[in-house]
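So you can see what is in the structure, the chains are spelled out below.
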Amino acid sequence: MDSLETELDRARELDVGELADAIEAIGFECTRCGACCKSEDGCGDGSSTDESDPEPHTATVFPDEIRRLQEAGDYDFRDVARPMPYGIEATPDGPQGETFEWALQTDACGDCTFYEETDGTGACTVHEDRPLICETYPFSVALGGTSQPMGEAVDTEGMVRAHECEGLGRDISRDDAEDLAAALKERAVRELQEAIGVRENYEPTDVEGVVVHDSEGQKRPDGTEL
Ligand code: SF4
Ligand code: SF4
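Residues numbered from 1 in each chain as written. Chains lettered and ligands numbered in written order. Predicted model: local features only at pLDDT ≥ 70, side-chain atom pairs only at ≥ 80, totals over all residues. Heavy atoms only, no water.

Now for the nonpolar core. The nonpolar side chains of a soluble globular protein tend to be buried with one another. Counting 25 residues, the largest nonpolar core has Ala 11, Leu 14, Ile 23, Phe 139, Val 141 and Val 160 as its most contacted members. With 8 residues, the top contributor of residues to this core is helix α6 (residues 174–201). Listed in part, the 16 residues of the second largest apolar core include Ile 66, Leu 69, Val 80 and Leu 104. (Core = buried A, V, L, I, M, F, W, Y, C linked by side-chain atoms within 4.5 Å. Buried < 20%, exposed > 50% of the residue type's maximum accessible area, 1.4 Å probe, protein only. Helix = DSSP H or I, 4+ residues; strand = E, 2+ residues; numbered from the N terminus.)

Spelled out as structure tokens, the structure:
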């Protein structure tokens, strides 16, 4: 793979008009089905917490996005984010391991903590402050070092990839396509900046429990610095 710096240069050079053309060609309108906000095997309608161990929803959230969400709702850090579980193991002494990202916090059903559902229609309670990964779902760009949500792409047009979503293939206005394209470019740049920051600030640690290495350094699961 090319270096992260090369990919960052490519991300900065992405043409928003061309990305918008690709989004228009693929087509998209959110149906508010909530699939990108929920655990795949959680409590179903979001009203019950009787599933014993759902596989939680995972969506990457950057450190500055966590702070913005905290400020928006006067939330504690752990109300908003949790260590991305990849690299963390359950042990008799509790969770142990290193991880390199934060994920949006989840509820007892494994759904995003900010997700609400009424009569089968989903809503995001932090819509104006939702992270870039949510603002740009179901799209990603074909650059190394950027995230590819929900598995393999189901459609591709130029540099744009589309992922599993029932709203794909629907008409989208040019204005909406351009707004989405601009956010998609911003996300690609931010993801690569974050990846470079994680690499540059990485320091081995020798502590019990969970350590999150993000672009700002080494942190405990509650977001405080080690
Ligand atoms: S999966 Fe697609 S249609 Fe469903 S809520 Fe997410 S973006 Fe909207
Ligand atoms: S922050 Fe909002 S859009 Fe993002 S996963 Fe949670 S409920 Fe869905």
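Spatially, 4 strands are ordered β3-β4-β11-β12 in an open sheet, and the strand pairing comes out mixed. What marks the edges here is a single partner per strand, and that holds for β3 (88–91) and β12 (217–219). Strand-to-strand, the axes of this sheet are offset by a mean angle of 20°, without reference to chain direction. Sheet topology note: the strand β11 (residues 210–214)/β12 ladder contains 3 bridges and is antiparallel. Paired with Asp 214 across the two strands is Gly 217, which belongs to β12. Against the sheet, α6 engages β11 and β12, with an angle of about 120° to β11. (Pairing = 2+ DSSP bridges. Axes fitted to C-alpha atoms, helices over the stretch in contact; angles between N-to-C directions. Contact = heavy atoms within 4.5 Å.)

Before going further, it helps to spend a moment on the packing of helix α1 (residues 4–12) against α6. Two elements in contact, α1 and α6, have axes separated by 9 Å at closest approach and are oriented at 160°. Considered as vectors, α1 and α6 are oriented roughly antiparallel to each other. In the packing of α1 onto α6, the handedness of the crossing is left-handed. Taking contact as the criterion, the partners of Leu 4, Glu 5, Glu 7, Leu 8, Ala 11 and Arg 12 in α1 are, on α6, Lys 185, Ala 188, Val 189, Leu 192, Gln 193, Ala 195, Ile 196 and Arg 199. Here the residues of the contact of α1 with α6 are counted per class, giving 8 nonpolar, 1 polar and 5 charged. (Parallel < 35°, antiparallel > 145°, perpendicular 65-115°, else oblique. Left-handed = near helix turned anticlockwise from the far one by under 90°. Nonpolar A, V, L, I, M, F, W, Y, C, P; charged D, E, K, R; others polar.)

By themselves these figures say nothing about function.
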